[in-house]
Amino acid sequence: MEFFLSFTEAVLLSAALLVGFIYLRKNKRDPRYPPGPRALPFIGNAHQLGKDSLRVMQKGPRSMDPFTASTWDLKSNKKIVLQYFERNCFLNNCLFVLRTIVLNDAKLVKELFSDINSTGRALNPVTWYFGKGNGIIISQGHNWEAQRRFTLRKLRDFGVLKSSIEDYVTEEATALIKSFERKVGQPISGTRLFNGPIVNTLWRVVSSENNDWDSPVKPEILQRAESVMESVNFTAVSGLFFAPFLRYIAPDHYLVEMENTTDPSSSFYKEQGEKNLQAIVGDLFVAGSETSSNSLSFATLYLSQHLETQRKAQAELDRVVGLDRQVFLSDKPALPYIEAILLETFRLSSIVAMGVPHRMLADTMFHGYFLPKGATVIANLYAIHHDTKTWGPDVNEFRPERFLNEDETQVVRHDSLIPFSAGRRQCLGEGLARDSLFLFVASILQKFVIEPDPACPYVDIDTSSVSC
Ligand code: HEM
């Protein structure tokens, strides 16, 4: 029997063969890649990553017990510290599949993220549309380096990282305590509870302007920040929301730097400088507001379920601070139990569960494995903070004592706690976040006992959702 193809069929067949050929050439799995589950053509590992990609990336797709967190491969009895996955390319500018390296070990995250080759960011059309690669969070290369260095220096000069924004935060904490005092005995929803004081603190850092977030009419900046949180996801948020306020922002810092820049290739030069300034303001709000306010919500949620922990913290506060004065940052060294509560909250909640993905800027050999240029690298912070081999069998329990020495008089730092990631792109607001959370939590515990709502005594806690 003879077959004849029409011209159209021949063209379609050739096109299909060409696509198949390009696919095979581009997506051939290099044997030097880290180990990982077998991927299918075009969809990669999408079928295995499924709904719970967080846990699959932690344990591998054949994991026998998806709910006991451990980065231990039960079959080979080896720790899975590095895995290779292929994710589909929906919204990512890659051909067919997105090569993805997942790091499940804090030491490896610190090591790889200290390498300049790992400092790229995965750009996709959404982040590109909003940020155009400007600012800090989604930029890379010279632009990122220059903008990050400048912002860090200014935040340091300004004193954020030296804690001199203490006045702002303590004022916000006092306002929060007053608002709680009006509601004693009534249930308060934990969602958005801390958005007002956190957004206002950030706003004061960039503009020196103060707003009463507890007034019946929400200040515009809080409305804008909440609309950002509601409407777009973490990576897709834009500085544009805050643009009308740019005239307030550090006029004698960034704008002076722009004015003094005469090199057209500089990221501070004229229009490019403006775009970066706009993006940075957005970055600070996006990265700083939801993370900090959610951490506070988690801290109060855990505390509401652990009255004994509250009693111990309050005994410490009574001894060190008393009731007649405010808590200051200088009290921190004498309040190790409060500090341990925060560290345990960072660990257990792991709110930035998979960090912010990085992208390899050049082919790199790492611990004998080949990490190709363009591959996405994910630090699986959730896995690192929930590894039973590191933290013990009670990894899902809220137990601040794990961060204290035996007689509970000193904080014990743990190398595997990296809620702010590590290396060259480590969180820029870490100091501000740690200081504000300390002041808020200590001020609340100094005055109140947090109890679960009798109408909702059991709370099902997930990293992303809380429900009765
Ligand atoms: C509990 C609060 C916070 C947590 C858990 C947190 C966590 C993180 C993490 C995991 C990253 C990704 C780092 C990486 O790419 O490897 C990050 C980046 C960043 N954070 Fe935070 N953050 C918090 C608060 C803040 C605050 C208050 C600010 C600013 C005021 C801030 C500003 C930034 C910026 C600008 C970046 C991007 C850094 C870069 O790409 O070079 N964060 N943060």
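About the cut-offs
- Residues numbered from 1 in each chain as written.
- Predicted model: local features only at pLDDT ≥ 70, side-chain atom pairs only at ≥ 80, totals over all residues.
- Buried ≥ 20, exposed ≤ 12 C-beta atoms within 10 Å, placed from the backbone.
- Helix = DSSP H or I, 4+ residues; strand = E, 2+ residues; numbered from the N terminus.
- Pairing = 2+ DSSP bridges.
- Axes fitted to C-alpha atoms, helices over the stretch in contact; angles between N-to-C directions.
- Left-handed = near helix turned anticlockwise from the far one by under 90°.
- Contact = placed C-beta atoms within 7 Å.
- Nonpolar A, V, L, I, M, F, W, Y, C, P; charged D, E, K, R; others polar.
- UniProt positions renumbered as here; feature names shortened; annotations may be inferred.
- Near = placed C-beta within 6 Å.
- Parallel < 35°, antiparallel > 145°, perpendicular 65-115°, else oblique.
- Expected span 1.5 Å × (residues − 1).
- Core = buried A, V, L, I, M, F, W, Y, C linked by C-beta atoms within 7 Å.

## A few points about the pairing of strand 9 (residues 376-379)
Phase 1: Neither face of strand 9 is left uncovered, since the one carrying Thr376 and Ile378 and the one carrying Val377 and Ala379 both have all their residues buried.
Phase 2: In terms of strand pairing, strand 4 (residues 97-103) meets strand 9 through 4 bridges, oriented parallel. Paired with Leu103 across the two strands is Ala379, which belongs to strand 9.
Phase 3: Of the strand pairs in this sheet, strand 6 (residues 358-359) and strand 9 are connected by 2 bridges, and their pairing is antiparallel. Within strand 9, the position partnered with Arg359 by the bridge is Thr376.

## Describing the packing of helix 13 (residues 336-349) against helix 16 (residues 430-447)
Phase 1: In contact at an axis separation of 10 Å, helix 13 and helix 16 are set at 115 degrees when each is read in the N-to-C sense. In this structure, the crossing between helix 13 and helix 16 has a hand that is right-handed. Judged by residue contacts, Ile338, Glu339, Ile341 and Leu342 of helix 13 engage Leu437, Phe438, Val441 and Ala442 from helix 16.
Phase 2: Residue composition of the contact of helix 13 with helix 16, grouped by class: 7 nonpolar, no polar and 1 charged.

## Concerning the UniProt feature "transmembrane region" (unreviewed entry) in the protein chain
Phase 1: Mapped onto this structure's residue numbering, the UniProt feature "transmembrane region" (unreviewed entry) falls at residues 6-24.
Phase 2: Helix and strand shares over residues 6-24 are 95% and 0% respectively, and the end C-alpha atoms of the span are 27 Å apart.

## Quick look at the site of the ligand
Phase 1: Around the ligand, the surrounding shell holds 26 residues, and the nearest of these are Ala287, Gly288, Ser421, Cys427 and Gly429.
Phase 2: If you list the elements that add at least two residues to the shell around the ligand, you get helix 11 (270-304) and helix 16.
Phase 3: When the residues that make up the shell around the ligand are grouped by side-chain class, the tally is 15 nonpolar, 8 polar and 3 charged.

## Remarks on the pairing of strand 4
Phase 1: The buried fraction of strand 4 amounts to 7 of the 7 residues, a majority that puts the element mostly inside the structure.
Phase 2: Side-chain alternation along strand 4 places Val97, Arg99, Ile101 and Leu103 on one buried face and Leu98, Thr100 and Val102 on a second face that is also buried.

## Some details on the packing of helix 11 against helix 13
Phase 1: Put simply, helix 11 and helix 13 touch, their axes get as near as 10 Å, and they point 105 degrees apart. Considering their axes alone, helix 11 and helix 13 lie roughly perpendicular with respect to each other. Here Ser295, Phe298, Ala299 and Tyr302 of helix 11 lie close against helix 13, whose contacting residues are Ile341, Leu342, Thr345, Phe346, Leu348 and Ser349.
Phase 2: Each residue belonging to the contact of helix 11 with helix 13 can be placed in one class, and the counts come to 7 nonpolar, 3 polar and no charged.

## Let's talk about helix 13
Phase 1: Over its 14 residues, helix 13 extends 20 Å from the first C-alpha to the last, a length consistent with the 20 Å expected when each residue adds 1.5 Å.
Phase 2: Ser350 lies just past helix 13 and shows a positive phi near 35 degrees.

## Quick look at the UniProt feature "binding site: heme" (unreviewed entry) in the protein chain
Phase 1: In the numbering adopted here, UniProt assigns the feature "binding site: heme" (unreviewed entry) to Cys427.
Phase 2: With respect to the element layout, Cys427 can be found in the loop between helix 15 (388-391) and helix 16.
Phase 3: The exposure class assigned to Cys427 is buried, which follows from the 20 C-beta atoms found within 10 Å.
Phase 4: Aside from chain neighbours lying at most four places away, what touches Cys427 is Phe420 and Ser421.

## Structural notes on the environment of Arg325
Phase 1: By secondary structure assignment, the location of Arg325 is in the loop between helix 12 (307-320) and helix 13.
Phase 2: When the 9 C-beta atoms within 10 Å are taken as the criterion, Arg325 is described as exposed.
Phase 3: Distance in space between the C-alpha atoms of Arg325 and Gln446 is 9.9 Å, their sequence separation being 121 residues.

## Side note on the nonpolar core
Phase 1: Formed by 83 residues in total, the largest nonpolar core has its most connected members in Leu103, Ile338, Leu342, Val441 and Ala442.
Phase 2: In contact with Ala442, not counting residues within four places along its chain, are Leu317, Val327, Leu335 and Ile338.

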